[in-house]
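Each chain, letter by letter, is given below.
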Amino acid sequence: MTSSPFGRVLTAMVTPMHDDGSLDLDGISKLAAHLADRGHDGLVVNGTTGESATTTDEENFATVKAVVDAVGGRVKVTAGVGTNDTAHSTRVAKRMAELGADAVLIVTPYYNKPTQDGIVEHFRTVATATDLPAMAYDIPGRTGTALATDTIRRLAEIDQLKAVKDAKGDFFEASRLIAETDLLWFSGDDVVNLAHLAQGAIGVVSVVGHVAGAEYAEMVAAMDRGDLPRAREIHTRLIPIVDAIMDTSQGAIQAKAALKLLGVIDSDFCRLPLLPAPEEHRALLRDALTKSGLM
(Lines give C-alpha, C1' and ligand atoms only; values in the text may rest on other atoms or scores of the structure.)
Protein backbone atom coordinates (compact mmCIF):
# COMPACT_ATOMS: atom_id res chain seq x y z
CA MET A 1 0.00 0.00 0.00
CA THR A 2 1.31 3.45 -0.95
CA SER A 3 2.39 5.42 2.10
CA SER A 4 1.60 8.97 3.14
CA PRO A 5 2.74 11.04 6.13
CA PHE A 6 -0.84 11.01 7.41
CA GLY A 7 -1.65 7.36 6.79
CA ARG A 8 -4.33 6.43 4.28
CA VAL A 9 -7.21 5.02 6.31
CA LEU A 10 -7.97 7.68 8.90
CA THR A 11 -10.92 8.20 11.20
CA ALA A 12 -11.78 11.64 12.49
CA MET A 13 -12.01 10.51 16.09
CA VAL A 14 -14.83 11.43 18.45
CA THR A 15 -13.78 12.70 21.86
CA PRO A 16 -15.13 10.33 24.55
CA MET A 17 -16.56 12.17 27.54
CA HIS A 18 -18.08 11.23 30.86
CA ASP A 19 -21.79 11.77 31.48
CA ASP A 20 -20.94 15.05 33.23
CA GLY A 21 -19.26 16.39 30.07
CA SER A 22 -15.66 16.09 31.24
CA LEU A 23 -13.04 14.42 29.08
CA ASP A 24 -12.71 10.66 29.46
CA LEU A 25 -8.96 10.40 28.94
CA ASP A 26 -8.94 6.67 29.60
CA GLY A 27 -11.75 6.28 27.08
CA ILE A 28 -9.82 8.38 24.57
CA SER A 29 -6.78 6.12 24.91
CA LYS A 30 -8.91 2.97 24.62
CA LEU A 31 -10.73 4.26 21.54
CA ALA A 32 -7.46 5.18 19.82
CA ALA A 33 -6.11 1.67 20.47
CA HIS A 34 -9.39 0.12 19.29
CA LEU A 35 -9.17 2.00 15.99
CA ALA A 36 -5.47 1.23 15.56
CA ASP A 37 -6.33 -2.47 15.90
CA ARG A 38 -9.02 -2.24 13.21
CA GLY A 39 -7.63 -1.14 9.88
CA HIS A 40 -6.42 2.36 10.61
CA ASP A 41 -2.95 3.68 9.91
CA GLY A 42 -3.92 7.21 10.90
CA LEU A 43 -6.20 9.15 13.22
CA VAL A 44 -7.41 12.75 13.15
CA VAL A 45 -7.85 14.17 16.65
CA ASN A 46 -9.67 17.37 17.66
CA GLY A 47 -11.46 17.77 14.34
CA THR A 48 -15.11 18.59 13.81
CA THR A 49 -16.17 15.08 14.81
CA GLY A 50 -14.11 15.49 17.97
CA GLU A 51 -16.40 18.40 18.92
CA SER A 52 -13.55 20.88 18.60
CA ALA A 53 -16.05 23.74 18.56
CA THR A 54 -16.78 23.12 22.24
CA THR A 55 -13.46 21.86 23.62
CA THR A 56 -10.76 24.09 25.04
CA ASP A 57 -7.13 24.28 23.95
CA GLU A 58 -6.03 22.57 27.15
CA GLU A 59 -8.53 19.76 26.58
CA ASN A 60 -7.33 19.39 23.00
CA PHE A 61 -3.72 19.19 24.13
CA ALA A 62 -4.63 16.54 26.70
CA THR A 63 -6.52 14.56 24.07
CA VAL A 64 -3.63 14.57 21.60
CA LYS A 65 -1.18 13.57 24.33
CA ALA A 66 -3.43 10.67 25.34
CA VAL A 67 -3.69 9.47 21.73
CA VAL A 68 0.04 9.84 21.07
CA ASP A 69 0.84 7.95 24.28
CA ALA A 70 -1.62 5.20 23.34
CA VAL A 71 -0.85 4.63 19.66
CA GLY A 72 2.06 6.85 18.67
CA GLY A 73 4.40 4.87 16.45
CA ARG A 74 1.57 2.53 15.42
CA VAL A 75 -0.50 5.06 13.51
CA LYS A 76 0.01 8.63 12.35
CA VAL A 77 -1.67 11.18 14.61
CA THR A 78 -2.97 14.30 12.87
CA ALA A 79 -4.02 17.07 15.24
CA GLY A 80 -6.74 19.52 14.31
CA VAL A 81 -5.42 23.04 14.79
CA GLY A 82 -7.76 25.09 12.61
CA THR A 83 -9.67 28.09 13.95
CA ASN A 84 -10.73 31.37 12.37
CA ASP A 85 -7.88 33.15 14.19
CA THR A 86 -4.54 32.69 12.46
CA ALA A 87 -2.42 33.60 15.48
CA HIS A 88 -4.40 31.22 17.68
CA SER A 89 -4.05 28.37 15.18
CA THR A 90 -0.32 29.01 14.93
CA ARG A 91 0.15 28.75 18.70
CA VAL A 92 -1.90 25.55 18.80
CA ALA A 93 0.08 23.99 15.94
CA LYS A 94 3.37 24.62 17.72
CA ARG A 95 2.07 23.02 20.90
CA MET A 96 0.72 19.98 19.02
CA ALA A 97 4.16 19.47 17.49
CA GLU A 98 5.70 19.53 20.96
CA LEU A 99 3.18 16.91 22.11
CA GLY A 100 4.24 14.48 19.42
CA ALA A 101 1.60 14.90 16.70
CA ASP A 102 2.75 13.63 13.32
CA ALA A 103 0.78 16.16 11.27
CA VAL A 104 -1.78 18.96 11.52
CA LEU A 105 -5.21 19.52 9.97
CA ILE A 106 -6.09 23.12 9.11
CA VAL A 107 -9.68 23.99 8.24
CA THR A 108 -10.62 26.99 6.11
CA PRO A 109 -11.27 29.93 8.46
CA TYR A 110 -14.99 30.07 9.23
CA TYR A 111 -17.48 32.82 10.02
CA ASN A 112 -15.24 35.80 9.16
CA LYS A 113 -15.30 34.77 5.44
CA PRO A 114 -11.82 35.96 4.37
CA THR A 115 -10.84 36.55 0.76
CA GLN A 116 -9.07 33.77 -1.10
CA ASP A 117 -5.80 35.71 -0.68
CA GLY A 118 -6.41 35.86 3.06
CA ILE A 119 -7.13 32.14 3.12
CA VAL A 120 -3.81 31.40 1.40
CA GLU A 121 -1.91 33.50 3.93
CA HIS A 122 -3.76 31.85 6.82
CA PHE A 123 -2.77 28.39 5.60
CA ARG A 124 0.79 29.51 4.86
CA THR A 125 1.24 31.02 8.32
CA VAL A 126 -0.16 28.04 10.22
CA ALA A 127 1.44 25.35 8.02
CA THR A 128 4.91 26.89 8.24
CA ALA A 129 4.72 27.38 12.02
CA THR A 130 6.09 23.83 12.41
CA ASP A 131 7.96 21.27 10.32
CA LEU A 132 4.96 18.91 10.40
CA PRO A 133 3.09 18.01 7.22
CA ALA A 134 -0.23 19.83 7.01
CA MET A 135 -3.58 18.86 5.50
CA ALA A 136 -6.01 21.52 4.30
CA TYR A 137 -9.66 20.84 5.11
CA ASP A 138 -12.12 22.11 2.48
CA ILE A 139 -15.67 21.94 3.87
CA PRO A 140 -17.68 24.96 2.70
CA GLY A 141 -20.91 23.60 4.18
CA ARG A 142 -19.46 24.32 7.64
CA THR A 143 -17.05 27.19 6.99
CA GLY A 144 -19.12 29.25 4.55
CA THR A 145 -16.17 29.58 2.17
CA ALA A 146 -14.90 27.07 -0.37
CA LEU A 147 -11.28 26.77 -1.43
CA ALA A 148 -11.18 27.92 -5.04
CA THR A 149 -9.25 25.82 -7.54
CA ASP A 150 -6.61 28.52 -7.99
CA THR A 151 -6.31 28.82 -4.21
CA ILE A 152 -5.56 25.11 -3.91
CA ARG A 153 -2.94 25.45 -6.65
CA ARG A 154 -1.30 28.15 -4.53
CA LEU A 155 -1.53 26.02 -1.40
CA ALA A 156 0.28 23.24 -3.28
CA GLU A 157 3.31 25.56 -3.50
CA ILE A 158 3.64 25.66 0.33
CA ASP A 159 6.24 23.07 1.30
CA GLN A 160 4.51 21.83 4.46
CA LEU A 161 1.04 21.73 2.86
CA LYS A 162 0.92 18.15 1.61
CA ALA A 163 -2.75 17.15 1.36
CA VAL A 164 -6.39 18.15 1.02
CA LYS A 165 -9.32 16.67 2.93
CA ASP A 166 -12.14 17.20 0.44
CA ALA A 167 -15.66 17.57 1.81
CA LYS A 168 -16.73 19.91 -0.99
CA GLY A 169 -17.70 17.26 -3.49
CA ASP A 170 -16.63 18.98 -6.73
CA PHE A 171 -15.30 15.82 -8.33
CA PHE A 172 -14.16 17.27 -11.65
CA GLU A 173 -12.12 20.01 -10.00
CA ALA A 174 -10.71 17.44 -7.57
CA SER A 175 -9.60 15.27 -10.47
CA ARG A 176 -8.02 18.30 -12.15
CA LEU A 177 -6.05 19.18 -9.01
CA ILE A 178 -4.98 15.57 -8.40
CA ALA A 179 -3.57 15.57 -11.94
CA GLU A 180 -1.96 19.01 -11.75
CA THR A 181 -0.42 19.01 -8.27
CA ASP A 182 1.49 16.74 -5.92
CA LEU A 183 -1.15 17.14 -3.21
CA LEU A 184 -2.38 13.96 -1.56
CA TRP A 185 -6.17 13.84 -1.85
CA PHE A 186 -8.43 12.44 0.88
CA SER A 187 -12.16 11.91 0.78
CA GLY A 188 -13.66 13.88 3.66
CA ASP A 189 -17.20 12.56 3.23
CA ASP A 190 -18.02 8.87 3.69
CA VAL A 191 -20.93 9.13 1.26
CA VAL A 192 -18.46 9.61 -1.62
CA ASN A 193 -15.41 7.63 -0.49
CA LEU A 194 -15.61 5.21 -3.40
CA ALA A 195 -16.02 8.01 -5.94
CA HIS A 196 -12.97 9.88 -4.65
CA LEU A 197 -10.81 6.75 -4.52
CA ALA A 198 -11.86 5.83 -8.06
CA GLN A 199 -10.47 9.08 -9.44
CA GLY A 200 -7.18 9.08 -7.58
CA ALA A 201 -7.65 10.00 -3.92
CA ILE A 202 -5.00 8.34 -1.76
CA GLY A 203 -7.27 7.66 1.20
CA VAL A 204 -10.18 8.62 3.44
CA VAL A 205 -10.73 10.70 6.54
CA SER A 206 -13.80 8.94 7.80
CA VAL A 207 -16.49 9.14 10.46
CA VAL A 208 -18.02 5.75 9.64
CA GLY A 209 -14.50 4.35 10.12
CA HIS A 210 -15.26 4.29 13.85
CA VAL A 211 -17.16 1.08 13.10
CA ALA A 212 -15.86 0.12 9.63
CA GLY A 213 -12.13 0.80 9.66
CA ALA A 214 -11.16 -2.67 8.45
CA GLU A 215 -13.71 -2.44 5.65
CA TYR A 216 -12.35 0.90 4.45
CA ALA A 217 -8.80 -0.45 4.62
CA GLU A 218 -9.93 -3.29 2.37
CA MET A 219 -11.63 -0.84 0.00
CA VAL A 220 -8.45 1.22 -0.32
CA ALA A 221 -6.37 -1.92 -0.90
CA ALA A 222 -8.85 -3.12 -3.53
CA MET A 223 -8.56 0.17 -5.42
CA ASP A 224 -4.76 -0.08 -5.25
CA ARG A 225 -4.82 -3.41 -7.04
CA GLY A 226 -7.42 -2.27 -9.55
CA ASP A 227 -10.22 -4.39 -8.14
CA LEU A 228 -13.12 -1.97 -8.57
CA PRO A 229 -15.79 -4.70 -8.25
CA ARG A 230 -14.50 -5.60 -4.76
CA ALA A 231 -14.33 -1.94 -3.72
CA ARG A 232 -17.87 -1.41 -5.02
CA GLU A 233 -19.06 -4.49 -3.12
CA ILE A 234 -17.71 -3.05 0.14
CA HIS A 235 -19.27 0.32 -0.61
CA THR A 236 -22.64 -1.27 -1.27
CA ARG A 237 -22.54 -3.35 1.91
CA LEU A 238 -21.78 -0.25 3.98
CA ILE A 239 -24.59 1.89 2.55
CA PRO A 240 -26.93 1.26 5.54
CA ILE A 241 -24.37 2.30 8.15
CA VAL A 242 -23.12 5.28 6.13
CA ASP A 243 -26.72 6.43 5.86
CA ALA A 244 -27.40 5.88 9.56
CA ILE A 245 -24.31 7.77 10.72
CA MET A 246 -23.97 10.52 8.11
CA ASP A 247 -27.56 11.27 7.06
CA THR A 248 -29.72 10.58 10.13
CA SER A 249 -28.66 13.57 12.22
CA GLN A 250 -24.99 14.50 12.76
CA GLY A 251 -21.78 12.51 12.44
CA ALA A 252 -20.35 13.00 15.92
CA ILE A 253 -23.69 12.23 17.57
CA GLN A 254 -24.27 9.05 15.59
CA ALA A 255 -20.66 7.84 15.78
CA LYS A 256 -20.71 8.12 19.57
CA ALA A 257 -24.05 6.34 19.72
CA ALA A 258 -22.72 3.52 17.52
CA LEU A 259 -19.59 3.14 19.62
CA LYS A 260 -21.67 2.93 22.79
CA LEU A 261 -23.95 0.33 21.20
CA LEU A 262 -20.86 -1.73 20.38
CA GLY A 263 -19.46 -1.34 23.90
CA VAL A 264 -16.39 0.59 22.77
CA ILE A 265 -17.09 3.73 24.83
CA ASP A 266 -19.00 4.08 28.09
CA SER A 267 -20.93 7.26 27.36
CA ASP A 268 -22.21 8.94 24.21
CA PHE A 269 -22.48 12.35 25.90
CA CYS A 270 -22.14 15.27 23.50
CA ARG A 271 -21.66 18.88 24.52
CA LEU A 272 -24.40 21.35 23.70
CA PRO A 273 -25.55 22.39 21.21
CA LEU A 274 -25.18 18.71 20.22
CA LEU A 275 -27.52 16.27 21.93
CA PRO A 276 -27.10 12.50 22.29
CA ALA A 277 -28.97 10.40 19.74
CA PRO A 278 -32.66 9.77 20.52
CA GLU A 279 -33.86 6.19 20.76
CA GLU A 280 -35.29 6.12 17.25
CA HIS A 281 -31.88 6.99 15.84
CA ARG A 282 -30.23 4.32 17.98
CA ALA A 283 -32.69 1.82 16.55
CA LEU A 284 -31.66 2.86 13.04
CA LEU A 285 -28.03 2.37 14.02
CA ARG A 286 -28.65 -1.10 15.41
CA ASP A 287 -30.43 -2.11 12.23
CA ALA A 288 -27.75 -0.58 9.99
CA LEU A 289 -24.88 -2.21 11.90
CA THR A 290 -26.58 -5.55 11.47
CA LYS A 291 -27.32 -5.05 7.77
CA SER A 292 -23.74 -3.95 7.13
CA GLY A 293 -22.33 -6.99 8.92
CA LEU A 294 -20.75 -4.93 11.68
CA MET A 295 -22.79 -6.11 14.68
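The structure presented is a predicted model; accordingly, all values stated were derived computationally and were not measured.

Draft legend 1. Focus on the packing of helix H1 (residues 25-36) against helix H2 (residues 57-71). Packing of H1 against H2 brings their axes to within 9 Å, and their N-to-C directions diverge by 45 degrees. In terms of axis orientation, H1 runs oblique to H2. Our pair here, H1 against H2, has a crossing hand that is right-handed. On H2, the residues touching Leu25, Ile28, Ser29, Ala32, Ala33 and Ala36 of H1 are Ala62, Thr63, Ala66, Val67, Ala70 and Val71. Of the residues that constitute the contact of H1 with H2, the class distribution is 10 nonpolar, two polar and no charged.

Draft legend 2. Just the nonpolar core, in detail. Among the nonpolar cores identified, the biggest contains 82 residues, and Val67, Met96, Leu161, Trp185, Tyr216 and Ile241 are the most heavily contacted of them. Within the second largest apolar cluster, 15 residues are counted, among which are Phe6, Leu10, Val107 and Ile202.

Draft legend 3. Representation of the sheet that holds strand E1 (residues 9-12) in the model. The strand order around the closed barrel formed by eight strands is E1-E2-E3-E4-E5-E6-E7-E8, and the pairing between neighbours is parallel. In this sheet, adjacent strand axes meet at a mean angle of 25 degrees when their direction is disregarded. Of the strand pairs in this sheet, E1 and strand E8 (residues 203-206) are connected by three bridges, and their pairing is parallel. Residue pairing in the sheet places Thr11 in a bridge with Ser206 of E8.

Draft legend 4. Fine view of the UniProt feature "active site" (unreviewed entry) in the chain. The UniProt entry lists Tyr137 and Lys165 under the feature "active site" (unreviewed entry), expressed in the numbering used here. Spatial clustering of the annotated residues is evident: they stretch over 29 residues in sequence, but the largest pairwise C-alpha distance comes to 4.7 Å. If you take the residues mentioned a moment ago, the ones lining the largest pocket come down to Tyr137. Secondary-structure assignment places Tyr137 in strand E5 (residues 134-138). Residues in contact with Tyr137, not counting those within four places in the same chain, are Thr48, Leu105, Ile106, Val107, Thr108, Phe123, Lys165 and Ala167. Following the sequence through the fold, Lys165 ends up in strand E6 (residues 161-166). Discounting residues that sit within four places of it in the chain, Lys165 has contacts with Ala12, Leu105, Met135, Ala136, Tyr137, Asp138, Phe186, Gly188 and Val205. There is a polar contact of 3.4 Å between the side chain of Lys165 and the side chain of Tyr137.

Draft legend 5. Quick look at the UniProt feature "binding site: pyruvate" (unreviewed entry) in the chain. The positions UniProt marks with the feature "binding site: pyruvate" (unreviewed entry) are Thr49 and Val205. Judged by maximum C-alpha separation, these annotated positions cover 157 residues in sequence but sit close together in space, the widest gap being only 10.8 Å. In the annotated group above, the second largest pocket draws its lining from Thr49 and Val205. The topology assignment puts Thr49 in the loop between strand E2 (42-45) and H2. For Thr49, a relative accessible area of 11% puts it in the buried group. Apart from the residues lying within four places of it in its own chain, the contact partners of Thr49 are Ala12, Met13, Val14, Thr15, Val207, His210 and Ala252. With near-sequence residues (within four places) excluded, Val205 lies in contact with Leu10, Ala12, Val44, Met135, Lys165, Phe186, Ser187 and Gly188.

Draft legend 6. Looking closely at the side chain of Thr181. Position of Thr181 among the secondary structure elements: in the loop between helix H7 (171-180) and strand E7 (184-187). From its side chain, Thr181 meets the backbone oxygen of Leu177 in a polar contact 2.8 Å long.

Draft legend 7. Region of the structure containing unusual backbone geometry. Between Leu272 and Pro273 the backbone carries a cis peptide bond, its omega angle lying at 20 degrees. Tracing the backbone through its elements, the reader meets Pro273 in the loop between helix H11 (251-261) and helix H12 (279-291). Although it is not a glycine, Asn46 adopts a positive phi angle of roughly 65 degrees. Relative to the elements of secondary structure, Asn46 occurs in the loop between E2 and H2. On the basis of relative accessibility, which here comes to 5%, the residue Asn46 falls in the buried class. We note that Tyr111 has phi near 70 degrees; this positive angle belongs to a residue other than glycine. Here Tyr111 shows up in the loop between strand E4 (103-107) and helix H4 (116-127).

Draft legend 8. Representation of the packing of helix H10 (residues 228-247) against H12. Contact geometry of H10 with H12 gives a least axis separation of 7 Å together with a crossing angle of 160 degrees. Of the possible angle classes, the one that applies to H10 and H12 is roughly antiparallel. The two elements H10 and H12 cross, and the hand of that crossing is left-handed. Residues Arg237, Pro240, Ile241, Ala244 and Ile245 of H10 pack against Leu284, Leu285, Ala288, Leu289 and Lys291 of H12. Split into classes, the residues belonging to the contact of H10 with H12 amount to eight nonpolar, no polar and two charged.

Calculation notes
Residues numbered from 1 in each chain as written. Predicted model: local features only at pLDDT ≥ 70, side-chain atom pairs only at ≥ 80, totals over all residues. Heavy atoms only, no water. Axes fitted to C-alpha atoms, helices over the stretch in contact; angles between N-to-C directions. Helix = DSSP H or I, 4+ residues; strand = E, 2+ residues; numbered from the N terminus. Parallel < 35°, antiparallel > 145°, perpendicular 65-115°, else oblique. Left-handed = near helix turned anticlockwise from the far one by under 90°. Contact = heavy atoms within 4.5 Å. Nonpolar A, V, L, I, M, F, W, Y, C, P; charged D, E, K, R; others polar. Core = buried A, V, L, I, M, F, W, Y, C linked by side-chain atoms within 4.5 Å. Buried < 20%, exposed > 50% of the residue type's maximum accessible area, 1.4 Å probe, protein only. Pairing = 2+ DSSP bridges. UniProt positions renumbered as here; feature names shortened; annotations may be inferred. 1 Å grid on protein atoms, 1.4 Å probe; cavity = no way out; pocket = protein on both sides within 12 Å on 5 of 7 lines; lining within 4 Å. Polar contact = N/O pair within 3.5 Å; in protein donor to acceptor, adjacent residues only side chain to side chain.

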